[in-house]
Amino acid sequence: MAKKKVEAPRLIETFSEFKDNKNIDRTTLVGVLEESFRNVITREYGTDENFDVIVNPDKGDFEIYRTREVVEDGEVTDSNKQIALSEARKIEDDYEVGEDVSEKIDITSFGRRSILTLRQTLASKILELEHENLYQKYKEREGEMVSAEVYQTWKNETLLMDDEGNELILPKSQQIPRDFFHKGDTVRAIIDHVDNPNGHPKIYLSRTCEAFLLKLLEQEIPEIADNLITVRRIARMPGERAKIAVESYDDRIDPVGACVGVKGSRIHTIVREMHNENIDVIHYSANLKILIQRALQPAQISSIELDDEAKSAAVYLRPQEVSLAIGKNGINIKLASKLTGYTIDVFRQVEGEDEEEDIYLEEFADEIDQWVIDAITSLGFKTARDVLKAPRQVLIEQADLEESTVDDVYRILKAEFDEV
């Protein structure tokens, strides 16, 4: 019997280890312990109604008490719920018929088989709790950045481990084409989604989604983290190129300059993380035509026709600008379409088709101050006709120009075309 009595403290020690190592909260642990003990009690006695289970994880022990009614000798019909007067008086000599007797039950009296079953049941339930906690923990973190260590790499996925030893899966389809990992490497990725098939959580990561680029921007550019600069749109072709549209409500902050950094220092850190995925940073505009113009840079657009119902844009360019707009393998125009949400079709201007000539703003440097030209071109208006077609209020507010300055610009540009 001495060996059996070791089982009870070993049980509670095992439970305490589960709590400490698996981050199961105390209330839940106690509830699981009580439920498991009551299941064993029901199996042994047929009911647990007249039993009290007290669990104390802090002290590493537990107690079970059974309450029975005192009846006259020879009148016991249920030995689990009733106790003969003579037996009760062996516990306390002043018990009387009708009173309740509460006595402590030694769990070792259940037998080794019951105790083994209890341990197995508890281990199973605590494992279920661990899985549920892990699922909830990571489900709430979907979209967050995580750093984890590479444990093993296979053809279709890479297995990573977080600081607590939880398994994270980075599918090949969610890796940047030039990603190549070694065991022990630390990898940053976005928690893409969490599944829970048959109660076994599967945590999937991604390095190809737009959210990954956004989180990198937040980590590397303080103005974005502090909400001084807002990233309004992101479009990516992982491993190839990305476009982001940014804006700031603080006139003192140049959002594009802040994102790029001195000599590209800030953006280069992100580019290296994404294995030389080129990143174009442009000023965001609520004016769709302007946004499309900027998204298609470095091409210079002559004119744009929008079909809002079809969500499409017909863009007209000089022949020499077409290849710039489309980009290598069509990447530039694809990203521009994705960034703006409009299908963009490019058309070459045929000589004689449009009799209107146009002139780049830089040609007016002898009549218009260079800082004024820079302020206007930063909005995407590169030519004289771009400016003349632009709303006056847009130039005043977004280029931060005086009304008289804008009127002078209009006058100079109109005079040039009138002269022609």
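Located above this text is the structure these notes cover.
In this report, the structure presented in the accompanying data block is examined. (Residues numbered from 1 in each chain as written. Predicted model: local features only at pLDDT ≥ 70, side-chain atom pairs only at ≥ 80, totals over all residues. Heavy atoms only, no water.)

On to the packing of helix 9 (residues 288-295) against helix 11 (residues 331-340). It is the contact of helix 9 with helix 11, at a shortest axis distance of 9 Å, that shows an interaxial angle of 150°. As the angle between them shows, helix 9 and helix 11 are arranged roughly antiparallel. The chirality of how helix 9 crosses helix 11 is right-handed. Side by side, helix 9 and helix 11 meet where Leu288, Leu291, Ile292 and Ala295 of the first sit next to Asn332, Ala336, Leu339 and Thr340 of the second. Among the residues forming the contact of helix 9 with helix 11, the class breakdown is six nonpolar, two polar and no charged. (Axes fitted to C-alpha atoms, helices over the stretch in contact; angles between N-to-C directions. Helix = DSSP H or I, 4+ residues; strand = E, 2+ residues; numbered from the N terminus. Parallel < 35°, antiparallel > 145°, perpendicular 65-115°, else oblique. Left-handed = near helix turned anticlockwise from the far one by under 90°. Contact = heavy atoms within 4.5 Å. Nonpolar A, V, L, I, M, F, W, Y, C, P; charged D, E, K, R; others polar.)

Our next topic: the environment of cysteine 209. Mapped onto the elements, cysteine 209 comes out in the loop between strand 9 (202-206) and helix 5 (210-220). In this structure, the C-alpha to C-alpha distance between cysteine 209 and glutamine 297, residues 88 residues apart in sequence, is 23 Å. Each residue touching cysteine 209, except ones within four places of it in the same chain, is listed here: Ile190 and Arg236.

As a further point, take the sheet that holds strand 15 (residues 343-348). Read across the open sheet, the three strands follow the order 13-14-15; overall the sheet is mixed. For this open sheet the edge positions go to strand 13 (301-307) and strand 15, each flanked by a neighbour on one side alone. The mean inter-strand angle of the sheet, taken between neighbouring strand axes irrespective of direction, is 20°. Of the strands in this sheet, strand 13, strand 14 (312-317) and strand 15 touch helix 9, which is tilted by about 130° from strand 13. (Pairing = 2+ DSSP bridges.)

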